[in-house]
Amino acid sequence: MSNNAEAELLDRDSNHLIHPLHNRSAHNKGKVWVGGEGEYLIDANGEKFIDGLSGLWNNTAGNGRKELYEAGSRQLEEMAFASGYAGSSNPRAIELAEKLAKLTYSNINQFYFTSGGGESTDSNIKMARYYWKLKGKPNKTKVISRVLGYHGVTLAAMCATGINIYWPMFEPRIPGFSHIPSPYPYFYQAPENAESQGIAAANELEKAILEEGADTVAMFIAEPVQGAGGVIVPQNDYFPRIREICDKYEVLFVADEVITGFGRTGRMFGLEHWGVKPDMMQFAKAITSGYFPLGGIGVSDEIANTMNESGKPWMHAYTYSAHPTGCAIACAMLDLIEKEDFPSQAERKGKRLLVGLKDSLGHHPNVGEIRGLGMMCAIEYVKNRDTKELFDANDGIGAKINTEAMKRGFFSRVKGDVCLIAPPIVTSDSTIDHIVDIFAESTKSVLS
Ligand SMILES: Cc1ncc(COP(=O)(O)O)c(C=O)c1O
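These notes cover the structure that comes with them. Sequence order sets the numbering: in each chain, residues are counted from 1 along the sequence as written. Where local features are concerned, this predicted model is filtered to residues with pLDDT of at least 70; where side-chain atom pairs are given and counted, the filter is 80 or more; whole-chain, interface and lining totals use all residues. Heavy atoms throughout the structure, all of them, feed into the side-chain values; hydrogens and water do not.

1. Section: the overall build of the chain
Each helix is a run of H or I in the DSSP string that is no shorter than four residues. Each strand is a run of E no shorter than two, and both are numbered from the N terminus. Along the backbone of the chain there are 14 helices and 15 strands. We compute the radius of gyration from the C-alpha atoms alone; for a globule the expected value is 2.2 Å times N to the 0.38, where N is the number of residues. Here the C-alpha radius of gyration of the chain, 22 Å, is about what a compact globule of 448 residues would show, namely 22 Å. With respect to the principal axes defined by its C-alpha atoms, the chain has extents near 65 × 65 × 45 Å. Only protein chains enter the calculation, and the probe is 1.4 Å; a residue is then buried if its accessible area is under 20% of its type maximum, exposed if over 50%, and partly exposed in between. A total of 448 residues make up the chain; the buried ones form 54% of that total. A contact between two residues is defined here by any heavy atoms of the two lying within 4.5 Å. Across the chain, contacts joining residues at least 24 apart in sequence account for 72% of those joining residues at least 6 apart. Computed by Shrake-Rupley with a 1.4 Å probe, the accessible areas treat only the displayed protein chains as cover when residues are assessed. For the chain, the exposed area adds up to about 19,700 Å²; of that, 52% sits on carbon and sulfur atoms. Distance between charge centroids for the chain: 1 Å, based on 45 positive and 55 negative side chains. All tallies of charge rest on Lys and Arg as positive and Asp and Glu as negative; His and the ends of each chain are not included. Here the site of a charge means NZ on Lys, CZ on Arg, CG on Asp, or CD on Glu.

This is the structure we're talking about:
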């Protein structure tokens, strides 16, 4: 491939494509990806990069997995599409729901499929509201989520998302959405008399429910580990207390496992770390390793039975719900996750990555925190690690380090001055060690 093949493609791209998070100036220096091998992506000039965020956290199995693309092509050949609306089904969707019933939390056995994470958030919000109407509590409609939570950008999902730069262009937001602080162990300030930081952070939910009025709150939605917000791993006592609060005030607890699902954190699902079960869950991304856009929700037996016994249709539907090709790839992916024990791989490799990063950068004066759980890690850069003073946003420290890492063959994203590191679960040990070296060098070159 010629050296300017990428530049030519980018020129053509600019003529007609509008991108997610569209930004012309950033895009001028963009990448055009044409190939993939395992944990690597290959650009239009033939250069290889470590896929540092597994695509968008989704491609845990890496590129070129025959088991996955062959399952998809077999299904396309057999039957490309058929409706999944009530009255129609297909064997792959049936098989996928059966597999998920065995794999997910024991109280969750019924599933509705979507095309991704945002659609799943909307589906859960609508399911929660419908459930409370069926229970004779039609005023329970409000949604509480967390600052720095990311749940997608369809209008309802955007309102649940707690990263506020996603809001201003599209306001007014839908009424009835509010956000409590993130438990953020590095920054959260618990009151002096608090039992612990985790309990204090969880008690923010109780405070918000009481302020809103428990009889108006339908659900609380949270990612077990906040991903796009900066890989924020909660305290061990946080989610058990959240569960107690949701039970006490009859608020449905929704686990957004779109990133944490299917092994990423070292457990099959994120809340398993803390022995907590949600009332509803949502997943996407790694269920197909990104080989097809598929997501979904799972609801507790209590919710499913209430809906099934109502005798009324749930007026919610997507054309591509239970898409046979997506379901075929997801079934093959679940087999692969089991065969290659993705949760154990993520646990072991994630530790190697975290320990490597801490050994090489843990004492750097501008590294505030290196954190992670399983194969999702982050480095938080600060101006002063004693006071946790942040860099001026205009300094663009995170972006600069990201650029340096890219020069050294690592491609990912940043959240402010937090570098996100979440390569595919199949990444080799030697590539993990290489990532550590890349960050040591990139940090030194920007913050020597
Ligand atoms: C936790 C979480 N929920 C929901 C979403 C939205 O998913 P999608 O982009 O497929 O709509 C994302 C996307 O990154 C996510 O990380």
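2. Quick word on the site of the ligand
The nearness test applies per residue and asks whether one of its heavy atoms lies within 4 Å of the molecule or strand. The immediate surroundings of the ligand are formed by G116, G117, G118, Y150, H151, G152, E223, D256, V258, I259 and K285. For the ligand, an oxygen atom lies 2.7 Å from a polar atom in the backbone of G118. The side chain of D256 places a nitrogen or oxygen atom 2.7 Å from a nitrogen atom of the ligand. When isolated, the ligand has an accessible area of 390 Å², and the protein chains bury 79% of it. Throughout this description, a polar contact denotes any pair of N or O atoms lying within 3.5 Å of each other; where both atoms belong to protein, one of them has to be capable of donating a hydrogen while the other can accept it, and for residues adjacent in sequence the pair is counted only when both atoms sit in side chains.

3. Observations regarding the pairing of strand β9 (residues 280-283)
Residue alternation in β9 divides its side chains into two sets, M280 and Q282 and M281 and F283, and both sets are buried. Note: strand β8 (residues 252-256) against β9, 3 bridges, orientation parallel. Following the sheet pairing, V254 is matched in β9 by M280. Relative to strand β10 (residues 295-300), β9 is paired through 4 bridges, and the arrangement is antiparallel. Considered in β10, the bridge of Q282 is made with I297. Strand pairing is assigned whenever DSSP identifies at least 2 bridges connecting the two strands.

4. Concerning the packing of aromatic side chains
Aromatic rings considered in pairs are described by the distance between their centres and by the relative angle of their planes. Pairing of aromatic rings covers Phe, Tyr and Trp, the last through its six-membered ring, and needs centres within 6.5 Å; plane angles under 30 degrees mean stacked, over 60 mean edge-to-face, and all others mean tilted. If you walk through the whole model with that rule in mind, you get 19 aromatic pairs. Relative to F269, the ring of Y105 has its centre 5.9 Å away and its plane inclined at 45°; by these criteria the two rings are tilted. One end of the pair, Y105, is in the loop between α5 (91-103) and β4 (108-114); the other, F269, is in the loop between β8 and β9, with 164 residues separating them in the sequence. Relative accessible area serves as the criterion here: at 0%, F269 is assigned to the buried category. With 6.1 Å between their ring centres and 25° between their planes, F220 and F253 make a pair best called stacked. Here F220 is found in strand β7 (residues 217-222), whereas its partner F253 is found in strand β8, with 33 residues between them in sequence. Put simply, the rings of Y105, F111, F113, F262, F269 and F283 touch in pairs and so form one group of aromatic residues. Here the guanidinium or amino end of K48 rests over the ring plane of Y40, the centre of that ring lying 4.6 Å away. A ring has a charge above it when a Lys NZ or an Arg CZ is no more than 6 Å from the ring centre and no more than 35 degrees off the ring normal.

5. Observations concerning the layout of surface pockets
Approximately 820 Å³ is the volume attributed to the second largest pocket. Cavity: a set of points on a 1 Å grid over the protein atoms alone where a 1.4 Å probe fits but cannot get out. Pocket: an open set with protein on both sides within 12 Å along at least five of seven lines, its lining residues, like those of a cavity, having an atom within 4 Å of a point. As for the second largest pocket, its lining consists of 30 residues, and the residues nearest its centre are G84, A86, F111, Y112 and W314. Grid points are joined across faces, edges and corners, and a volume is the space filled by probe spheres set on the points.

6. Structural notes on the sheet that holds strand β3 (residues 48-51)
If you walk across this open sheet you meet the 4 strands as β1-β2-β3-β13, and the pairing is mixed. A single partner strand is all that each edge strand has here, and the edge strands are β1 (33-37) and β13 (410-411). Convention adopted: a line fitted to C-alpha atoms gives each axis, helices being fitted over their contacting stretch, and angles between N-to-C directions are expressed from 0 to 180 degrees. Contacting β2 (40-43), β3 and β13, helix α14 (residues 429-446) crosses the sheet at an angle of about 100° to β3.

7. As for the pattern of salt bridges
Any carboxyl oxygen of Asp or Glu that lies within 4 Å of a side-chain nitrogen of Lys or Arg is treated as forming a salt bridge with it. Inspection of the entire model under this criterion finds 29 salt bridges. One salt bridge connects E78 with R92, and the closest N-O pair in it is separated by 3.6 Å. You can see E78 sitting in helix α4 (residues 66-78) and its partner R92 sitting in helix α5, a full 14 residues away along the chain. Relative accessible area serves as the criterion here: at 59%, E78 is assigned to the exposed category. In this structure, the salt-bridge partner of R173 is E171, at a minimum N-O distance of 2.9 Å. E171 gets classed as partly exposed once you look at its relative accessible area, which sits at 41%. A network of salt bridges, in which partner residues are shared, links E206, R241, E244 and K248.

8. Brief notes about the nonpolar core
Buried Ala, Val, Leu, Ile, Met, Phe, Trp, Tyr and Cys residues that are joined via side-chain atoms within 4.5 Å together make up what is termed a nonpolar core. Core analysis: the biggest nonpolar cluster contains 126 residues, and L96, F220, Y381 and F439 have the highest contact counts within it. When neighbours within four sequence positions are excluded, F439 is seen to be in contact with L357, L361, I379, Y381, I401, A405, F410, C419 and I421.

9. Describing the sheet that holds β4
Spatially, β4-β10-β9-β8-β7-β5-β6 is the arrangement adopted by the 7 strands of the open sheet, whose pairing is mixed. Of all strands in the sheet, those with a lone pairing partner are β4 and β6 (177-180), marking the two edges. For this sheet, the mean angle separating the axes of adjacent strands, direction not counted, is 25°. This element, helix α10 (residues 301-310), spans β4, β8, β9 and β10 of the sheet and lies at about 90° to β10.

10. Some points on the pairing of β8
Of all 5 residues making up β8, 5 are buried, and the element is well covered by its neighbours. Burial along β8 is two-sided: L252, V254 and D256 and F253 and A255, pointing in opposite directions, are all buried. In terms of strand pairing, β7 meets β8 through 4 bridges, oriented parallel. Bridge pairing in β8 links I221 to V254.

11. Some remarks on unusual backbone geometry
Backbone torsion omega between E171 and P172 reads 10°, so that peptide bond is classified as cis. Along the chain, the position of P172 falls in the loop between α7 (155-160) and β6. Non-glycine residue L148 carries a positive phi angle of around 70°. Relative to the assigned elements, L148 resides in the loop between β5 (142-146) and α7. With a phi close to 50°, E250 is a non-glycine residue in the positive phi region. Considering the arrangement of structural elements, one finds E250 in the loop between α9 (238-248) and β8.

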